[in-house]
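Letter by letter, the chains look like this.
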Amino acid sequence: MTLAALAALLLMFVTLGYIALCAVSPFGNCRRCRGFGYQLKRDRRGRLKPGRTCRRCRGDRKRIRIGRHLFNVAARIHRDGTR
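Residues numbered from 1 in each chain as written. Predicted model: local features only at pLDDT ≥ 70, side-chain atom pairs only at ≥ 80, totals over all residues. Heavy atoms only, no water.

A. View of the packing of helix H1 (residues 3-24) against helix H2 (residues 66-81). Contact geometry of H1 with H2 gives a least axis separation of 8 Å together with a crossing angle of 75 degrees. Considering their axes alone, H1 and H2 lie roughly perpendicular with respect to each other. Across the interface between the two elements, Tyr18, Cys22 and Ala23 from H1 touch Ile66, Gly67 and Arg68 from H2. Classifying every residue of the contact of H1 with H2 gives four nonpolar, one polar and one charged. (Axes fitted to C-alpha atoms, helices over the stretch in contact; angles between N-to-C directions. Helix = DSSP H or I, 4+ residues; strand = E, 2+ residues; numbered from the N terminus. Parallel < 35°, antiparallel > 145°, perpendicular 65-115°, else oblique. Contact = heavy atoms within 4.5 Å. Nonpolar A, V, L, I, M, F, W, Y, C, P; charged D, E, K, R; others polar.)

What follows is the structure in structure tokens.
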């Protein structure tokens, strides 16, 4: 096998794996708060405590994955175009 064919095969497996992940679990943890729903801050003694609600996820703790978002957009365009 050539190097280009091997790279294409690897890329195909990674892509199919991401598609399967988006189908099984369309939501992932928020990147900013890492799924806590709030920013962690330290008090004067150095202990962690909850801070303000995360602005990116608004405390929902989850975000939609990019692949699932693209699938939803494509499905919406198809649905609107075939009506």
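B. Structural view of the pairing of strand E3 (residues 48-53). Judged from the four bridges that link them, strand E2 (residues 38-42) and E3 form a sheet pairing that is antiparallel. Within E3, the position partnered with Leu40 by the bridge is Pro50. Counted along the chain from E2 to the antiparallel partner E3, the turn is five residues long, and its residue Gly46 has a positive phi close to 95 degrees. (Pairing = 2+ DSSP bridges.)

C. How the structure looks around unusual backbone geometry. The backbone of Arg58 sits at a positive phi, close to 55 degrees, despite the residue not being glycine. Residue position: Arg58 is located in the loop between E3 and strand E4 (62-64). Residue Arg58 is classed as exposed on the basis of its relative accessible area, which comes to 66%. Positive phi values are uncommon outside glycine, yet Arg61 reaches one of about 75 degrees. Mapped onto the elements of the fold, Arg61 is located in the loop between E3 and E4. (Buried < 20%, exposed > 50% of the residue type's maximum accessible area, 1.4 Å probe, protein only.)

D. The environment of Cys57, seen in detail. Along the chain, Cys57 falls in the loop between E3 and E4. With 28 residues separating them along the chain, Cys57 and Asn29 place their C-alpha atoms 9.3 Å apart. Discounting chain neighbours no more than four positions away, the residues touching Cys57 are Cys30, Cys33, Gly37 and Lys62.

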